[in-house]
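Spelled out, the chains give:
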Amino acid sequence: MNTATLLAGIEDAARQAGRIMLEAADIRANTMEKEGHANFVTVYDKRVQAYLFETLGALLPEARFIGEEDGADAFTEADRHGYAFCIDPIDGTTNFVTGFRPSVTSVALLCRGKPYLAVVYNPYSDTMLTAAQGEGAWCNGKPIRSSDEPLRRSLVMFGTAPYLPELSARTFALCADYLPRCIDLRRTGTAAWDLCNVAMGTVGLFFEMQLQLWDYAAAGLIAMEAGCRITDLAGNALTWDGPSSVLCASQGVSKEDYLPRV
Ligand code: 2AM
Ligand code: CA
């Protein structure tokens, strides 16, 4: 199957996943707590993942699956070979539960352990972000590039990892470091959407102390294909095989401004 057909199939599946999110009812009553503080899952996260596993499995039967819910949530050595879908059925589950927007569906297709195709869909604004490795990134079918503005004329977004309280002091030290060096800070509650904002050019830089592979695999490729730099918070290349800190900046942010100074 060629790249365009495969990408179109993933887009269709993400759009249907978005429909499940938009039609969700009684979300709070259908919410369960996972391990740790403020870590939720709803029946809809599980329903969307089951839908995506089934639909994408039919699209590319030889692909393996890594997804946040219901097990199958670890990258394994087998995923370094062939194809593997890496899926977050609902990124921004806390937003989904509380009614704060947005939440998105995130699907990356890894090829030999590296992101190859990516789809992030925001059903609340009907915004479809896509990317193909080496071919570019698109928003609703139009090519996107990250911003040319320097950090001092850009917004910075960050995630707080509330389920990992040991990271909060460092997270807020980083906020205090970046705040005087940028216009202002923003937090949406979905790392995939934050990274897409850097890719779309609305935001100059994003950081979070720890993300899971399914939080950043798809949006990370979209950001790279839009000209962004993406590394861990120490500036090392991402290995795309498990949890990591993530630092991502638009093409206008200089190397000197990129890394934290604390
Ligand atoms: P989620 O909504 O799919 O859970 C918010 O800071 C970001 O971190 C969201 O993208 C959220 O994804 C993600 N996240 C939630 N729990 C996490 C965990 N235990 N480890 C890393 N990232 C997590
Ligand atoms: Ca999720």
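Source: prediction; values computed, not measured. Sequence order as written defines residue numbering, which begins from 1 separately in each chain. Whichever chain is written first is A, and whichever ligand is written first is 1; the rest continue in order. Since the coordinates come from a predicted model, pLDDT governs what is reported: local features require at least 70, and pairs of side-chain atoms require 80 or more to be given and counted, while whole-chain, interface and lining totals use all residues. Heavy atoms from the whole structure form the basis of all side-chain values; hydrogens and water molecules are not counted.

(A) Structural view of the coordination of the calcium ion (ligand 2). Donor atoms: N, O and S within 2.8 Å of the metal, or within 3.2 Å for Na, K and Ca. Because water is excluded, sites can look incomplete. Here the calcium ion (ligand 2) is held by the protein donor atoms Glu68 (OE), Asp88 (OD), Asp88 (OD) and Ile90 (O), which lie 2.1 to 3.0 Å from it. Sequence positions of the donors to the calcium ion (ligand 2) reduce to the motif E-x19-D-x1-I. Linking Glu68 in the loop between β3 (64–67) and β4 (83–91) with Asp88 in strand β4, this pair joins segments that are 20 residues apart in sequence. Like Asp88, Glu68 is buried. For helices the rule is a DSSP run of H or I covering at least 4 residues; for strands it is a run of E covering at least 2, with both sets numbered from the N terminus onward. To sort residues, take the accessible area from a 1.4 Å probe on protein chains only and compare it with the maximum for the residue type: under 20% means buried, over 50% means exposed, and anything in between is partly exposed.

(B) Quick peek at the packing of helix α1 (residues 3–22) against helix α2 (residues 43–59). The angle between two axes is taken between their N-to-C directions and runs from 0 to 180 degrees, where each axis is a line fitted to C-alpha atoms and a helix contributes only its stretch in contact. For the pair α1 and α2, the least separation of the axes is 10 Å and the interaxial angle reads 160°. If you check the angle between α1 and α2, you find them roughly antiparallel. In this structure, the crossing between α1 and α2 has a hand that is right-handed. The segment α1 lies against α2, with Leu6, Gly9, Ile10, Ala13, Ala14, Gln16, Ala17, Ile20 and Met21 engaging Tyr44, Arg47, Val48, Tyr51, Leu52, Thr55, Leu56 and Leu59. Should an angle fall under 35 degrees it is taken as roughly parallel, and over 145 as roughly antiparallel, whereas 65 to 115 is taken as roughly perpendicular and any remaining angle as oblique. When the near helix sits turned anticlockwise from the far one by under a right angle, the crossing is termed left-handed; a clockwise turn instead gives a right-handed crossing. We call two residues in contact when some of their heavy atoms are within 4.5 Å.

(C) Structural detail: the sheet that holds β4. When DSSP finds two or more bridges between a pair of strands, those strands are recorded as paired. Pairing is mixed in the open sheet, where 7 strands are placed in the order β3-β4-β5-β6-β7-β8-β9. A single partner strand is all that each edge strand has here, and the edge strands are β3 and β9 (142–143). Two elements, β4 and strand β5 (residues 104–111), share 7 bridges in a ladder whose sense is antiparallel. By the bridge assignment, Tyr83 is partnered in β5 with Cys111. Relative to the sheet, α2 contacts β3, β4 and β5, its axis offset from that of β4 by approximately 155°.

(D) Layout of the domain arrangement of the chain. Structurally, the chain comprises domain 1 (3–143) and domain 2 (151–258). How far each domain reaches was decided by an automatic or database domain assignment. Relative placement of domain 1 and domain 2: their C-alpha centres are 20 Å apart. Each side of the interface is counted separately: domain 1 has 43 residues, and domain 2 has 23 residues. Summed over both sides, the interface between domain 1 and domain 2 buries roughly 2400 Å², with carbon and sulfur atoms accounting for 71% of that surface. Two parts lose some accessible area (1.4 Å probe) when they are put together, and adding that loss for both gives the buried area.

(E) Examining the nonpolar core more closely. As used here, the term nonpolar core means buried Ala, Val, Leu, Ile, Met, Phe, Trp, Tyr and Cys residues forming a set that is joined through side-chain atoms within 4.5 Å. Counting 41 residues, the largest nonpolar core has Val120, Leu213 and Ile222 as the members making the most contacts within it. Among the elements that line this core, the one with the most residues is helix α6 (residues 213–225), at 9 residues. Mapping this core onto the domain boundaries places at least three of its residues in each of domain 1 (3–143) and domain 2 (151–258). In contact with Leu213, not counting residues within four places along its chain, are Ile66, Phe75, Cys86, Leu110, Trp240, Asp241 and Gly242. The next biggest cluster of nonpolar side chains, apart from the first, holds 32 residues, and it includes Ala17, Ala24, Leu117 and Tyr121.

(F) Structural view of the packing of aromatic side chains. Pairing of aromatic rings covers Phe, Tyr and Trp, the last through its six-membered ring, and needs centres within 6.5 Å; plane angles under 30 degrees mean stacked, over 60 mean edge-to-face, and all others mean tilted. According to the stated counting rule, one finds 8 aromatic pairs in the structure shown. Ring geometry for Phe158 and Phe207: centres 5.9 Å apart, planes at 20°, overall stacked. Separated by 49 residues along the polypeptide, Phe158 in strand β10 (residues 155–158) and Phe207 in strand β12 (residues 205–211) bring together distant segments of the chain. Grouping residues by exposure puts Phe158 and Phe207 together as buried. Cluster of aromatic residues (ring-pair linked, three or more members): Phe158, Phe172, Tyr178 and Phe207. Just above the ring of Tyr258 sits the side chain of Arg229; from NZ or CZ to the centre is 4.8 Å. Either the NZ atom of lysine or the CZ atom of arginine qualifies as a charge over a ring when it sits within 6 Å of the ring centre and within 35 degrees of the ring normal.

(G) Molecular detail of the sheet that holds strand β11 (residues 184–186). Taken together, 5 strands build an open sheet; the order of strands is β11-β10-β12-β14-β13 and the sheet is mixed. Of all the strands in the sheet, just β11 and β13 (229–231) have a single pairing partner and so form its edges. Between one strand and the next, the sheet's axes are offset by a mean angle of 15°, whatever the strand orientation. Where helix α5 (residues 191–200) meets the sheet, it contacts β10, β12, β13 and β14 (244–249), and its direction lies at approximately 155° from that of β12.

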